[in-house]
Amino acid sequence: MTDPDASTAPSPLRPADAYPDPADAPALRWGILAPGGIARRFAHEIPRFTASRVVAVGSRDLGRAEAFAADHDIPRAYGSYAELVADGEVDAVYVASPHSAHLELASLALTAGRPVLVEKSLTRNAAEARELFDLAASRGLFAMEAMWSRFLPHYRAVVDAVHDGAIGEVLTVTAQHGQHLVFGPEHRLWDPALAGGAMLDLTVYPLSFAHALLGVPDQVHAFGALSELGVDTGETVVLRYGERTVAVAQASLETAMANEATIAGTHGRIDLAGSFYTPVEVALSTHEGASWRLPVQHEGGFQFQAAEVARRVATGETSSPLMSWQASVEVMELMDEARAQLGVVFPGE
């Protein structure tokens with residue numbers, strides 16, 4: 001889709017139908033470990049937009065699992081994680097617990113022979129990420145980080161346009177993710193024991209965006225603030241690529257930001273309206289005056305990552321090039337370095 005005054009040339013931004021339709025992916029029977037808020041979205045969108053179903057949910061609290069199952073028409077609820085991964089009718093497991101338990105629960109599922117989709121951030125740190133992927137490799141099983149944004153059509157269109165050279169050499173990338181999420185110290189976002197803080201929940205979005213566009217930086221510089229208990233309440237992370245290119249990732253648990261993203265290059269610019277990590281409109285303009293817009297073309301969002309899992313599992317693959325094991329580890333390494341500069345250490349690290 002183009003503006004009336006846009007160039008008559010084809011848009012450098014590929015439309016949603018240029019990418020696989022989640023509804024066409026093979027069906028999987030999903031089990032959910034830890035029925036929290038983000039699991040509710042998964043349980044709602046996967047059966048609505050794909051051929052897959054959620055057939056079981058597991059929690060340490062049977063009552064909680066049963067309530068979740070009743071809300072989402074899920075046939076089986078378990079009062080332990082071990083019972084869910086032992087269910088022979090579960091084809092794949094979605095891990096939706098706090099970050100502090102990601103490695104433990106993913107390992108439980110993999111050891112039971114179940115492919116896993118693990119909520120972002122994948123683990124607390126890069127060492128745990130490597131341990132998770134080493135286990136998946138040893139079992140010959142699929143494993144992937146649920147960085148859902150990377151699978152959205154508009155996000156893929158932006159990455160593809162940049163890699164195709166649509167705006168020339170990238171000079172700057174800026175992206176924000178700030179929300180007013182001020183809760184008590186018992187909340188998982190503010191609890192060091194649960195790997196709380198802005199970094200693993202919010203900053204991961206702009207950092208993963210920069211990584212998808214530019215890869216691993218040469219330098220990382222982090223500036224931020226900590227709570228009384230030592231979790232990061234917000235930060236600005238500057239990534240330096242060579243002598244000319246800089247990416248700036250900002251996040252906050254204490255204030256709402258515009259949550260927009262901009263990529264500026266030697267030939268033009270791409271703007272993603274807030275919130276850039278969700279299905280939003282994209283605008284690409286060149287210095288010569290041409291412009292194109294890519295409107296929002298679908299509902300939901302989680303279905304795209306689930307469909308990718310289904311496709312890869314069906315063909316016997318263990319990873320996806322859209323969120324590879326290497327990419328997940330590299331983003332975790334960026335966050336490890338930023339946390340080290342901020343002085344954030346989780347209990348047990």
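Right, let's walk through the structure included here. (Residues numbered from 1 in each chain as written. Predicted model: local features only at pLDDT ≥ 70, side-chain atom pairs only at ≥ 80, totals over all residues. Heavy atoms only, no water.)

### Things to note about the packing of aromatic side chains
Under the definition given, this model contains eight aromatic pairs. On the basis of an interplanar angle of 80° and a centroid distance of 5.2 Å, the ring pair of Trp30 and Phe42 is categorised as edge-to-face. Here Trp30, found in strand β1 (residues 29–33), pairs with Phe42, found in helix α1 (residues 37–49); they are 12 residues apart in sequence, far enough to count as distant. Among the residues examined, Phe42 registers a relative accessible area of 0% and is labelled buried. Ring centres of Tyr205 and Tyr277 lie 4.8 Å apart, and the angle between their planes is 40°; this geometry places the pair in the tilted category. (Phe/Tyr/Trp six-rings, centres within 6.5 Å; stacked < 30°, edge-to-face > 60°. Helix = DSSP H or I, 4+ residues; strand = E, 2+ residues; numbered from the N terminus. Buried < 20%, exposed > 50% of the residue type's maximum accessible area, 1.4 Å probe, protein only.)

### Some details on the packing of helix α6 (residues 153–163) against helix α7 (residues 198–214)
Interaxial distance between α6 and α7 falls to 9 Å at its minimum, and their mutual angle equals 40°. Here α6 lies oblique to α7, going by the angle between them. Facing α6, whose interface residues are Tyr155, Val158, Val159, Val162 and His163, α7 presents Ser208, Phe209, Ala212 and Leu213. Here the residues of the contact of α6 with α7 are counted per class, giving seven nonpolar, two polar and no charged. (Axes fitted to C-alpha atoms, helices over the stretch in contact; angles between N-to-C directions. Parallel < 35°, antiparallel > 145°, perpendicular 65-115°, else oblique. Contact = heavy atoms within 4.5 Å. Nonpolar A, V, L, I, M, F, W, Y, C, P; charged D, E, K, R; others polar.)

### Overview of helix α2 (residues 62–72)
Looking at α2, one finds that the buried residues are Ala65, Phe68, Ala69 and His72. Seen along its axis, α2 keeps its buried residues to an arc of 100°; they face one direction. In α2, the exposed residues that point more than 90 degrees away from the buried face are Ala70 and Asp71. Contacts from the buried residues of α2 go to β1, α1, β2 (53–58) and β3 (76–78). At the N-terminal boundary of α2, the capping side chain belongs to Asp61, with an oxygen 2.9 Å from the backbone nitrogen of Gly63. Two residues or fewer after α2 comes Asp73, characterised by a positive phi angle close to 55°. (Arc of directions from axis to C-beta. Polar contact = N/O pair within 3.5 Å; in protein donor to acceptor, adjacent residues only side chain to side chain.)

### So, the sheet that holds strand β5 (residues 116–119)
Across the sheet, six strands lie side by side as β3-β2-β1-β4-β5-β6; this open sheet has parallel pairing. Both outer strands of the open sheet, β3 and β6 (143–146), are each paired with one neighbouring strand and no more. Adjacent strand axes in the sheet meet at a mean angle of 25°, parallel and antiparallel pairs treated alike. Relative to β6, β5 runs parallel, the two sharing four bridges. Following the sheet pairing, Val116 is matched in β6 by Ala143. α2 contacts β1, β2 and β3 of the sheet and is inclined by roughly 160° relative to β3. (Pairing = 2+ DSSP bridges.)

### As for the pairing of strand β14 (residues 291–294)
Of the pairings in the sheet, the one linking strand β13 (residues 282–286) to β14 comprises four bridges and is antiparallel in character. Residue pairing across strands places Val282 opposite Leu294, the latter belonging to β14. What sits between β13 and β14 in their antiparallel hairpin is a turn of four residues, with Gly289 showing a positive phi close to 105°.

### Remarks on the environment of Leu226
In this structure, Leu226 sits in strand β8 (residues 219–226). Residues Leu226 and Gly197, 29 residues apart in the sequence, show an inter-C-alpha distance of 8.5 Å. With sequence-adjacent residues up to four places away left out, Leu226 is seen in contact with Val231, Asp232, Thr233, Leu342, Gly343 and Val344.

### Here we look at the side chain of Arg114
Mapping Arg114 onto the fold places it in the loop between α4 (102–111) and β5. We note that Arg114 is buried and unpaired, the nearest opposite charge coming from Asp87 at a distance of 6.3 Å. Here Asp87 takes part through its backbone oxygen, which lies 3.1 Å from a polar atom of the side chain of Arg114. (Lys, Arg positive; Asp, Glu negative; His and termini not counted. Salt bridge = Lys/Arg side-chain N within 4 Å of Asp/Glu carboxyl O.)

### Concerning the packing of α7 against helix α9 (residues 325–342)
Where α7 contacts α9, the two axes come as close as 10 Å, and the packing angle between them is 125°. Compared by their axis directions, α7 and α9 come out oblique. Considering how the two elements wind past one another, α7 and α9 form a crossing that is right-handed. For the pair α7 and α9, the contacting residues are Met199, Leu200, Val204, Leu207, Ser208 and His211 in the first and Ala327, Glu330, Val331, Met332, Met335, Ala338, Arg339 and Leu342 in the second. Split into classes, the residues belonging to the contact of α7 with α9 amount to 10 nonpolar, two polar and two charged. (Left-handed = near helix turned anticlockwise from the far one by under 90°.)

### Focus on the pattern of salt bridges
Tallied over the full model, the rule gives 21 salt bridges. Taking the shortest distance from any N to any O, the salt bridge between Arg14 and Asp164 comes out at 2.9 Å. Separated by 150 residues along the polypeptide, Arg14 in the segment before β1 and Asp164 in the loop between α6 and β7 (170–178) bring together distant segments of the chain. When its relative accessible area of 34% is taken as the criterion, Arg14 is described as partly exposed. You can call Asp164 exposed: its relative accessible area is 54%. Ionic pairing is found between Glu333 and Arg130, a salt bridge with its closest N-O pair at 2.4 Å. Residue Glu333 is found in helix α9, and its partner Arg130 is found in helix α5 (residues 126–139); the two are separated by 203 residues along the sequence.

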